[in-house]
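Fold and geometry: a report
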Amino acid sequence: MGEDVKELARRYGYRPYMVGRYLEILGDLKEVEELLEAFEKALRPSIRCNKLKLADCRELIERLEKMGFLLERIGWCSEAYEVLREPEKPSLGSTHEHLIGLYYLYRGKASLIPPITLKPGERDEVLDMAAAPGGKTTHMAQIMRNKGLIVALEPDEGRLRVLRNNVERLGVKNTVLLRLDGREAGKVFRKTFTKALLDAPCTGEGIIMLDPSRKTKTSLEDLVKHHEIQKELLRSALDSLKGGGRILYTTCSIAPEENELVLNEVIKGRDDVRVLSLETPVKLSPPVTEYYGIRVDERIRYCGRTYPHVHGMEGFFICLMELK
Amino acid sequence: MLNGAKVRCRKTALQEIAGSLPPHISEYLRREYAEATILSCEGRFTEIFVLSEELAKVVEKIIAQGLTPYSAGLYLGRLRKGKPSFIPSINILQEIYQGTGEVVNALVVAEEGLKPFLYGGDVLRKSVVSCRQPVRKGDVVAVLGTDMRVYGLGISKIDGCEELEKRKDLDEVASNLFDVGWYIRGEARKERKYKA
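Residues numbered from 1 in each chain as written. Chains lettered and ligands numbered in written order. Predicted model: local features only at pLDDT ≥ 70, side-chain atom pairs only at ≥ 80, totals over all residues. Heavy atoms only, no water.

Focus: the sheet that holds strand β1 (residues 8-12) of chain B
All names here are of chain B. Our working definition: Criterion used throughout: strands pair if DSSP finds at least two bridges between them. Secondary structure follows DSSP: runs of H or I at least 4 residues long count as helices, runs of E at least 2 residues long count as strands, and numbering of each begins at the N terminus. Only C-alpha atoms enter the line fits that serve as axes; for helices the fit covers just the stretch in contact. Angles between N-to-C directions range over 0 to 180 degrees.
Taken together, the five strands give an open sheet; going across it, the order is β1-β2-β3-β5-β6, and neighbouring strands pair in antiparallel fashion. One side of each edge strand has no neighbouring strand; the edge strands of this open sheet are β1 and β6 (86-88). Ignoring strand direction, the axes of neighbouring strands in this sheet form an average angle of 25°. Strand direction decides the pairing type here: strand β5 (residues 74-79) and β6, joined by three bridges, are antiparallel. Across the sheet, Arg78 pairs through a bridge with Ile87, a residue of β6.

Next comes the structure, spelled out in C-alpha cells:
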C-alpha cells in the first residue's frame, strides 16, 4: 500500500485498507480524494409523497411549505422532493403529515432508484427479501397502486415491528409481512414470484456521510461475512423466482466484494441468469469489471453504481437480472 | 412477536366476526370487501386482516409450511372478549370516512389538542370542535383532526355528543387508546394492555 493512500486514510480517518480499495475501484488518487470529500458532506433529506393516501401531492407540499419547509421536486421521480430548507421545528420526522403517512422520509435519494428500476406492476407477485424499515416496500406498493402482491421478509423482530408500522402508516394493503431470513425464501417460496428485490444487508460503505463510524468499523472479516451472506441471499432469491422472473440486487455499499464479486460467484457457470441493461432514472456509473486481478463475468458490465462525488447521493450498486 | 410467541392464523368468514364490529364497519366490509378473505390471527390477542385473492393464496402457502404471517393485507383491527369488543385500525376508519363521506363515531379535535394527543395525551373538552354520533361511554371513538384525517383512537368518557355541553374545558372526554405517534415512537402498542 502506497504512502499516499495511507496519508489519505489518516487525513480522513479511514482504515487504510478501505482507501486502498477505493483506489483499486476508481484508479485515480484524485478521484479517491473527491469521493472521501463527498463522504464528509451531509446529504439533503428527501421525501416521497404517498399517493396511496393523497390524490394530489400539492396538498402535502402546501402543508409543509406553510410550516417553513422548502422543497424541490426531484426531476426523475415525480412524487419525490428534496428538502432544501427545514424550519427549526417541527422536524421532518415529527410533522403530523409524516405521522399520518402522507410521506416517507429518506436520508438520501438513492433509495428511490431500485423500486423505479424494478418496475413492479399491478399483476406482479414480488418478494422483498430484506424489507425493513420499509422505504422500498412501501414505494413498490405505491408503484403497484396497492394491487398485486408483495411478500416482505425481515428476520429481526424489532425491525419487523418498524416495518409493520411503516406499512400501516402509509396505508399499504397488498403486502404480507413475514419473520423469515431471506436465505430461507428459496425453500419456502420455490418458483413463486415474478419479481424480487434484494436490498442486501451490507457494510454501508456507500453511506459513510450518514454514519461516519463506518470509516473504521468494518474489518476485512466483516466484509467477508457480508459477502457470504449476500451470496446465499441472492441464490435464495433466484430460487424463489418463476421462469422469466426478474430480480433487482442492490446494496448501499460501493465495495465490489458486496456487489460485483457476489454476482460473479453466484452467476458464474449459470446460463439461466441474464443480466439486463438498466433503465434507471439517473445515469449510473459503470460497475467494476476487474478487481485485484479478478475479471468478473462479462454479464456484470450491465450493472451500475452511484457515487456520492458523481451523483450527489449515497453510493449504491444496482443490478437487474432475469431468470430464463 | 407483537402478538405473542404462539400465534395461530386461520381464514374466517365476515359473518363470524361481524357481530363484534360496529355497524358502520361491518356494513362497509359487506359492501366493499364481500369477496375478500378474512384472516384471524389469535395469539395474546386476536388480530383481523382483510386479504385480496392474491394475498389469500400466498398466506395459505405460508400457513401450510408452519409459518405465521406477521401481518397481511389491510389490518382491520383487534377483537377482544371484553369491552370494547373491537379496536379498529386507523386505516379502515380513514377508508370508510373517505369512501362514504360520512364521519361517524368520532371526535374532531383542534390543532392545539391534537399535539398533546399525538404524544399520548388524552382528549380534553376544550379541544373538541365537533362530535359525530354515535358516541358511547366506554366505546372506541375515532379522533380526527380538522383536516378530517384520523389521528388516533380514544375510549369515550361521554355518553352521547350532547354530554359535551355539560363538561368543563379541562375535562377528559376521551382517553388515548392509540395515536399515530406510536408508529414513529416505535414503542409497544398501547392496545397491548387490552388483552383478548
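Let's talk about the packing of helix α1 (residues 3-12) of chain A against helix α2 (residues 16-26) of chain A
Residue and element names in this part refer to chain A. What counts, and what does not: Every angle not falling under 35 degrees, over 145, or within 65 to 115 is termed oblique; those three ranges are roughly parallel, roughly antiparallel and roughly perpendicular. Crossings are assigned a handedness: left-handed for a near helix turned anticlockwise from the far helix by less than a right angle, right-handed for a clockwise turn. Any two residues whose heavy atoms approach within 4.5 Å at even a single point are treated as in contact.
Between α1 and α2, whose axes approach to 8 Å, the crossing angle comes to 120°. Classified by the interaxial angle, the pair formed by α1 and α2 is oblique. Helix-helix and strand crossings are classified by hand; for α1 and α2 the assignment is right-handed. Side by side, α1 and α2 meet where Val5, Leu8 and Ala9 of the first sit next to Pro16, Val19, Gly20 and Leu23 of the second.

Describing the packing of aromatic side chains
The geometry of an aromatic ring pair is captured by the separation of the ring centres together with the interplanar angle, meaning the angle of the planes. All names here are of chain B. Note the threshold: What counts as a ring pair is set by centres within 6.5 Å for rings of Phe, Tyr and Trp (its six-membered ring), and what kind of pair is set by the plane angle: stacked under 30 degrees, edge-to-face over 60, tilted for all other angles. Exposure classes here rest on a 1.4 Å probe applied to the protein chains alone. A residue is buried below 20% of its type maximum, exposed above 50%, and partly exposed in between.
By the definition in use, this model includes eight aromatic pairs over all chains. Centre to centre, the rings of Phe49 and Tyr75 are 5.5 Å apart; their planes meet at 40°, and the pair counts as tilted. Residue Phe49 is located in strand β3 (residues 46-51), and its partner Tyr75 is located in strand β5; the two are separated by 26 residues in the primary sequence. Residue Phe49 is classed as buried on the basis of its relative accessible area, which comes to 1%.

What to know about the domain arrangement of chain A
Residues and elements named next belong to chain A. Rules: For the domains described, the bounds stem from an automatic or database domain assignment. In short, buried area is how much 1.4 Å probe accessible area vanishes from two parts on joining, totalled over both. Contacts described as polar in this section are N or O atom pairs within 3.5 Å, which, within protein, must combine one atom able to donate a hydrogen with one able to accept it, while residues neighboring in sequence count only if both atoms come from side chains. Polar here means any residue other than Ala, Val, Leu, Ile, Met, Phe, Trp, Tyr, Cys and Pro, which are nonpolar, and Asp, Glu, Lys and Arg, which are charged; Gly is therefore polar.
Domain parsing of chain A yields domain 1 (3-39), domain 2 (46-106) and domain 3 (110-323). Domain 2 and domain 3 are separated by 26 Å when their C-alpha centres are compared. At the junction of the two partners, domain 2 supplies 18 residues and domain 3 supplies 22 residues. Summed over both sides, the interface of domain 2 with domain 3 buries roughly 1,500 Å², with 64% coming from carbon and sulfur. Summed over the three residues of domain 2 that lose the most area to domain 3, namely Leu52, Trp76 and Tyr104, the buried surface amounts to 49% of that side. Summed over the shared surface of domain 2 and domain 3, the number is nine residue pairs in polar contact (both at pLDDT 80 or more). Looking at the side of domain 2 that touches domain 3, the elements with two or more residues in it are β1 (46-49), α5 (96-99) and β4 (103-106). At three residues, the largest contribution of residues to the side of domain 2 that touches domain 3 is made by β4. Here the side of domain 2 that touches domain 3 is built from residues that sort into 11 nonpolar, three polar and four charged.

A few points about the domain arrangement of chain B
All names here are of chain B. What counts here: Note on definitions: salt bridges are taken to be side-chain nitrogens of Lys or Arg within 4 Å of carboxyl oxygens of Asp or Glu.
You can read the domains of chain B as domain 1 (8-92) and domain 2 (103-189). Each of domain 1 and domain 2 has a C-alpha centre, and these two points are 25 Å apart. If you look at the interface, domain 1 gives eight residues, while domain 2 gives 16 residues. At the junction of domain 1 with domain 2, the criterion picks out one salt bridge. Residues Lys83 and Asp139 are paired through a salt bridge, measuring 3.8 Å at the closest nitrogen-oxygen approach. Taken together, domain 1 and domain 2 are joined by one residue pair in polar contact (both at pLDDT 80 or more). Its residues assigned to classes, the side of domain 1 that touches domain 2 shows six nonpolar, one polar and one charged.

Topic: unusual backbone geometry
Excluding glycine, most residues fall at negative phi; most peptide bonds, likewise, are trans. Note that the residue after Lys89 of chain A, namely Pro90 of chain A, is joined by a cis bond; omega there is -5°. Relative to the assigned elements, Pro90 of chain A resides in the loop between β3 (80-85) and α5. Geometrically, the link from Gln133 of chain B to Pro134 of chain B is a cis peptide bond, its omega value of -5° lying close to zero. Of note, Pro134 of chain B is situated in the loop between β9 (128-132) and β10 (140-144). Despite not being glycine, Arg145 of chain A has its phi angle at roughly 55°, a positive value.

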